[in-house]
Number of protein chains: 2
Amino acid sequence: MSGMSIGEVARRAGIAPSAIRYYEQVGLLPPAARHNGRRRYAAAILGRLRIVQLARDAGFTIAETRTFLTGFSAGTPPVARWRALATHKLAQIDAQLLRFAQMRQVLESSFRCRCPRIEDCEQAMARQTPRTRPAGSPRC
Amino acid sequence: MSGMSIGEVARRAGIAPSAIRYYEQVGLLPPAARHNGRRRYAAAILGRLRIVQLARDAGFTIAETRTFLTGFSAGTPPVARWRALATHKLAQIDAQLLRFAQMRQVLESSFRCRCPRIEDCEQAMARQTPRTRPAGSPRC
DNA sequence: CTACGACTTAAAGTACGCTTTAAGTCAAGC
DNA sequence: GCTTGACTTAAAGCGTACTTTAAGTCGTAG
């Protein structure tokens, strides 16, 4: 019998079988062909699962990932809708990249400063609050 | 009466009063002083809330944020533990930055490619799977 | 024939981060 | 005195993304 079982796919992709069934249920994966009631997968499923996992790790919701994936199906009409989503997501990703970089700064500066409370630490707050600082007694 | 009510803090910080009570409940904020049973806050709460929100937006869990914040309280002994957490989190943040950048690439390349299914798209997968590609017929 | 392991389904359970609800308290304005 | 609005509490509810459970099916090994 050709194709992989759900267990084999799960092992190769490094995710739980239950997650694969869940993805099928919510439409992230097309309903798998059944042989004697059991799911059988072609190798292409692995690429699809990699995209699903990347999207998840990048903070996409299931609904967003579904739109993203079905936007690629060759006969889907509302490609414009998909493009809008992608554009929107790009902006979100850029915002998120910024926030992560900020938190990175906060963490790094926390290694250097001697402020008793982080909310007084100018170094940590510098990129966050571009207003005039109260000029207290920071020990950064 | 000095200090702000929970409603005022919420309005200024741009978060719901219920969230502030929740933060106090789970230890992200110290128990606020009560006047006639109502919480009263000094201006410092706003800085603390900014940190809490930044941490949340950067993907920190409540537990991590609590460790992060209490690690700053001057008198807490296990600064080493806190340093370990921060180092660990920095690595996580760098990994996350990478994933976001990857998803950004996938999205951007999706605007250009003509692949019917994204898992066949070399452009999209290039940074993900550094192995030899099957050399199909990509239209990127 | 039977036992085993891997699979199937639907439904319930879980963790996180809050929000909502219910029932009550308090100070101020009429 | 009474109403109003903002507050208090504990407890329940919610959305997301799965996992776990229960009860059953299937193919192979012994």
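Since we're looking at a predicted model, the values are computed, not measured. All residue numbers here refer to positions counted from 1 along the written sequence of the relevant chain. Each chain is given a letter, starting from A, and each ligand a number, starting from 1, according to the order in which they appear as written. It should be noted that, the model being predicted, local features are given only for residues of pLDDT at least 70 and side-chain atom pairs only at 80 or more, the latter also being counted only at that level, while totals for whole chains, interfaces and linings use all residues.

1. A look at the overall build of chain A
A run of H or I in DSSP counts as a helix once it spans at least four residues, and a run of E counts as a strand once it spans at least two, with each numbered from the N terminus. Check the secondary structure of chain A and you find 6 helices and 2 strands. Reading the helices (α) and strands (β) of chain A from amino to carboxyl end gives α-α-β-β-α-α-α-α. Three exposure classes are used, based on other C-beta atoms lying within 10 Å of a residue's own C-beta, which is placed from the backbone: buried for 20 or more, exposed for 12 or fewer, and partly exposed in between. Residue burial in chain A is summarised as follows: out of 140 residues, 25% are buried. C-beta atoms are placed from the backbone for every residue, and two residues are taken to be in contact when these atoms lie within 7 Å. Within chain A, contacts between residues separated by at least 24 positions form 41% of all contacts whose residues are at least 6 apart in sequence.

2. Focus: the environment of A:Ala58
Position of A:Ala58 relative to the elements: it lies in the loop between helix 3 (44–57) and helix 4 (62–70). Using a count of 22 C-beta atoms within 10 Å as the deciding quantity, one classes A:Ala58 as buried. Once the C-alpha coordinates of A:Ala58 and A:Asp94 are considered, the two residues, 36 residues apart in sequence, prove to be 11 Å apart. The contact partners of A:Ala58, leaving out residues within four places of it in the chain, are A:Ile93, B:Arg99, B:Phe100 and B:Met103.

3. Focus on the protein's contact with DNA strand C
Only the C-beta atom, placed from the backbone, is used; a residue is near a molecule or strand if that atom lies within 6 Å of it. Residues in close proximity to DNA strand C total 18 residues, the closest being A:Ser5, A:Gly7, A:Arg39, B:Ser18 and B:Ile62. Elements with a contribution of two residues or more to the surface near DNA strand C: helix 1 (6–13), helix 2 (17–25) and strand 2 (38–40) of chain A together with helix 2 (17–25) of chain B. Polar here means any residue other than Ala, Val, Leu, Ile, Met, Phe, Trp, Tyr, Cys and Pro, which are nonpolar, and Asp, Glu, Lys and Arg, which are charged; Gly is therefore polar. Residues that form the surface near DNA strand C fall into these classes: 6 nonpolar, 7 polar and 5 charged.

4. Some words on the protein's contact with DNA strand D
Surveying the vicinity of DNA strand D reveals 17 residues, the closest of which are A:Ser18, A:Ile62, B:Ser5, B:Gly7 and B:Arg39. When residues of the surface near DNA strand D are traced back to their parent elements, those giving at least two are helix 2 of chain A together with helix 1 (6–13), helix 2 and strand 2 (38–40) of chain B. Top contributing element to the surface near DNA strand D by residue count: helix 2 of chain A, with 3 residues. Within the surface near DNA strand D, the residues separate by chemical class into 6 nonpolar, 7 polar and 4 charged.

5. Considering helix 3 (residues 44–57) of chain B
Here, expected helix span is obtained from the residue count minus one, scaled by 1.5 Å. The first and last C-alpha atoms of helix 3 of chain B sit 20 Å apart over 14 residues, in line with the 20 Å expected at 1.5 Å per residue. Phi turns positive, to about 90 degrees, at B:Gly59, one or two residues after helix 3 of chain B.

6. Description of the nonpolar core
Each nonpolar core comprises buried Ala, Val, Leu, Ile, Met, Phe, Trp, Tyr and Cys residues, the members being joined through C-beta atoms within 7 Å. In terms of nonpolar packing, the biggest core is built from 21 residues, with A:Val9, A:Ile51, A:Val52, A:Leu54, A:Ala55, A:Ala58 and B:Met103 touching the most fellow members. When residues of this core are traced back to their parent elements, those giving at least two are helix 1, helix 3 and helix 4 of chain A together with helix 5 (79–110) of chain B. The greatest single-element share of this core, amounting to 6 residues, is contributed by helix 3 of chain A. Leave out the neighbours within four places in its chain, and A:Val9 touches A:Met4, A:Ile20, A:Tyr41 and A:Ile45.

7. Concerning the confidence of the model for chain A
The quantity known as pLDDT measures the predictor's confidence residue by residue, on a range of 0 to 100. Averaged over all residues, the pLDDT of chain A is 79; the fraction at 70 or higher stands at 71%. Low pLDDT, under 50, characterises residues 126–137 of chain A; the predicted model gives this stretch 8 contacts beyond four residues in sequence or across chains.

8. Some details on unusual backbone geometry
Here A:Asn36, not a glycine, exhibits a phi torsion of approximately 55 degrees, which is positive. Accessibility expressed as a C-beta count within 10 Å gives 6 for A:Asn36, which makes it exposed.

9. Considerations on the environment of B:Leu49
Residue and element names in this part refer to chain B. Position of Leu49 relative to the elements: it lies in helix 3. A C-alpha to C-alpha distance of 9.8 Å links Leu49 and Gly14, two positions 35 residues apart in sequence. With sequence-adjacent residues up to four places away left out, Leu49 is seen in contact with Ala13 and Ile15.

10. Side note on the packing of helix 3 of chain B against helix 4 (residues 62–70) of chain B
All names here are of chain B. Look at helix 3 against helix 4: their axes get within 10 Å of each other, and the N-to-C directions meet at 140 degrees. Judged by the inter-axis angle, helix 3 sits oblique to helix 4. Read as a crossing pair, helix 3 and helix 4 show a hand that is right-handed. Along its contact with helix 3, which presents Ile51, Val52, Ala55 and Arg56, the element helix 4 presents Thr65, Phe68 and Leu69. Its residues assigned to classes, the contact of helix 3 with helix 4 comprises 5 nonpolar, 1 polar and 1 charged. Whenever a helix is involved, its axis is fitted only over the stretch in contact; in every case the axis is a line through C-alpha atoms, and angles between N-to-C directions fall within 0 to 180 degrees. Orientation is classified from the angle alone, with under 35 degrees giving roughly parallel, over 145 giving roughly antiparallel, 65 to 115 giving roughly perpendicular, and any other angle giving oblique. In this scheme the handedness of a crossing depends on how the near helix is turned from the far one: anticlockwise by less than a right angle means left-handed, clockwise means right-handed.

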